[in-house]
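Fold and contact review
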Amino acid sequence: MSLDFSQPFTERTPRLVNAGKLKRAAGRRKAKAFLAEGENSVEAAVATGAATDLFVTEAAADRFADVVTAAGYMDVFTHAITDKAAQTLTDTVHTTGLFAVCKPVTWTLGSILKGRPKLVAVCVETNDPGNAGTIIRLVDALGADAVVFAGDTVDPESPKVVRSSAGSLFHVPVARERDIKGALGQLRAAGLSTFATTMHGDVNLADSGDVLDQPTAWLFGNEAHGLPEDVLESADYTVSIPIQGSAESLNLSTAASICLWESAKTLGD
């Protein structure tokens, strides 16, 4: 697809101004849309039919020609933009110059549970967008079934989470449920056992044996404070990851990768 860059959209073009508002939660809620940036995320948005508009600089049109061509085949409105306009859409220092406006892709928890999932990651009050996006990517990579953001969490459709997920947001079911207790109740009612990560768990992950050989919802907490006490107390199992060296603890995404890998390996046997 060939774009005409003789009259590209500028930072003042109304359509681009509206796209820029999607960087904020209020803008996303009002427009019922969100913004993706970069090759992986935009390519996935186009391929899955989530993208409605593409914004691309001249350099990006050359660099990501395959994505622009695919957008044309998918009837995505594609707009040429200036480099300065790209700076108003990005939240990074160095932009790729490739953006997509997308329809919401988050699910309800109820719709996820209708699929009878066997392995779910539950991010409880998780606030760091990098960790949130990484966990979505992990779930996608390990063949797990879904991610649930429970409580007061980061928005999974915020630009940083979308970028950190590297396209996986468009591949796996992701839900946001503000009622933590209600979310855990729904998971248990669907036959999933809840496993809470903690420093001093009743189960050592290295000796978990057949405990993980059942439909599982892993509960991962806030980066600074971990899981709320009432969530820990209500979990079916509390699990600790053995640390052999001198490190005091593991960060959230690292702990999640170890736990999800163990479950994926066990359930796949």
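Residues numbered from 1 in each chain as written. Predicted model: local features only at pLDDT ≥ 70, side-chain atom pairs only at ≥ 80, totals over all residues. Heavy atoms only, no water.

Threshold: UniProt positions are given in the numbering used here, feature names are shortened, and annotations may be inferred rather than shown by experiment.
The name given to the protein in an unreviewed UniProt entry is RNA methyltransferase, TrmH family, with Corynebacterium appendicis CIP 107643 as the source organism. Database annotation for the protein, UniProt heading Sequence similarities (unreviewed entry): "Belongs to the class IV-like SAM-binding methyltransferase superfamily. RNA methyltransferase TrmH family."

**A word on the UniProt feature "domain: RNA 2-O ribose methyltransferase substrate binding" (unreviewed entry) in the protein**
Put simply, the rule reads: Helix and strand assignments follow DSSP, with helices taken as H or I runs no shorter than four residues and strands as E runs no shorter than two, numbered in order from the N terminus.
As recorded in UniProt, the feature "domain: RNA 2-O ribose methyltransferase substrate binding" (unreviewed entry) lies at residues 35-108. Helix makes up 42% of residues 35-108 and strand 24%, and the two end C-alpha atoms of the span are 20 Å apart.

**Focus: the pattern of salt bridges**
When their charged atoms lie close together, side chains carrying opposite charge are able to pair. Using the following cut-off: Here, a salt bridge means any side-chain nitrogen of Lys or Arg that lies within 4 Å of a carboxyl oxygen of Asp or Glu. Each residue is assigned to one of three classes by its accessible area relative to the maximum for its type, calculated with a 1.4 Å probe on protein chains only: buried under 20%, partly exposed between the two thresholds, exposed over 50%.
If you walk through the whole model with that rule in mind, you get 8 salt bridges. We note a salt bridge from R12 to E11, for which the minimum N-O separation is 3.5 Å. Since its relative accessible area comes to 67%, R12 is described here as exposed. Between D155 and R28 there is a salt bridge, with the nearest N and O atoms lying 2.9 Å from each other. Taken together, the positions of D155 in the loop between β6 (146-150) and α9 (159-165) and R28 in helix α2 (residues 25-31) put the pair 127 residues apart, joining distant regions of the chain. In this pair, the class of D155 matches that of R28, namely buried. In the salt-bridge network here, residues are joined through shared partners; they are E11, R12 and K84.

**Brief notes about the side chain of S168**
Here is the rule: In this description, contact between two residues means that some pair of their heavy atoms is separated by no more than 4.5 Å.
Note that S168 resides in the loop between α9 and β7 (174-177). Those residues in contact with S168 that sit more than four places away from it in its chain are I136, R137 and D140.

**Things to note about the side chain of H79**
Rule in force here: Under this definition, polar contacts are N or O atom pairs within 3.5 Å; protein pairs additionally need one hydrogen-donor-capable and one acceptor-capable atom, and for neighbouring residues in sequence, both atoms have to be side-chain atoms.
Among the structural elements, H79 can be located in strand β3 (residues 77-80). For H79, a relative accessible area of 10% translates into the label buried. Here the side chain of H79 touches D53 through a polar contact of 2.8 Å, side chain to side chain. In this view, H79 contacts F9, R15, D53, L54, F55 and V56; residues no more than four positions away in its chain are not counted.

**Quick look at the pairing of strand β1 (residues 34-37)**
Put simply, the rule reads: DSSP-based pairing: two strands are paired if at least 2 bridges between them are found.
Neither face of β1 is open: one carries F34 and A36, the other L35 and E37, and all of them are buried. One ladder, built from 4 bridges, connects β1 with strand β4 (residues 98-102); its direction is antiparallel. When the bridges of β4 are listed, F34 appears paired with C102.

**A word on the nonpolar core**
Let me state the cut-off plainly: Residues belong to one nonpolar core when they are buried, are Ala, Val, Leu, Ile, Met, Phe, Trp, Tyr or Cys, and are joined through side-chain atoms within 4.5 Å. Domain start and end points were adopted from an automatic or database domain assignment.
Ranked by size, the top nonpolar core spans 53 residues in total, and within it L54, F170 and W218 carry the most contacts. Counting the residues that make up this core, at least three belong to each of domain 1 (14-102) and domain 2 (109-268). If near-sequence neighbours (up to four positions away) are discounted, L54 is found in contact with V42, V46, V68, A71, V76, F77, T78, H79, L98, F99 and A100. L113, V120, L184 and V231 belong to the second-largest nonpolar core, a separate cluster that totals 22 residues.

**Remarks on the sheet that holds β4**
Our working rule: Between N-to-C directions, angles cover 0 to 180 degrees, with each direction set by a line fitted to C-alpha atoms, over the stretch in contact for helices.
Pairing is mixed in the open sheet, where 4 strands are placed in the order β1-β4-β2-β3. In the strand order of this sheet, the two ends are held by β1 and β3, each with one partner. Across the sheet, the mean angle separating the axes of adjacent strands is 20 degrees when strand polarity is ignored. Relative to β3, strand β2 (residues 51-56) is paired through 4 bridges, and the arrangement is parallel. Among the inter-strand pairings, L54 is bridged to a residue of β3, identified as T78. Lying over the sheet, helix α3 (residues 39-47) contacts β1, β2 and β4, oriented at roughly 40 degrees with respect to β4. Its contacts with the sheet put helix α5 (residues 65-73) on β2, β3 and β4, and the angle it makes with β2 is roughly 145 degrees.

**Some words on helix α10 (residues 180-189)**
Rules: As used here, the arc is the angular range of directions from the helix axis to the C-beta atoms.
Where α10 is concerned, the buried positions are I180, A183, L184 and L187. Take α10 and look down its axis: the buried residues cluster within an arc of 95 degrees, on one side only. In α10, the exposed residues that point more than 90 degrees away from the buried face are K181 and A189. Residues of α10 that are buried make contact with α7 (109-113), β5 (119-124), β6, β7, β10 (216-220) and α11 (229-234). Where α10 begins, the side chain of D179 points an oxygen toward the backbone nitrogen of K181, at a separation of 3.3 Å. Downstream of α10 by a residue or two, G191 has a phi angle that is positive, lying close to 95 degrees.

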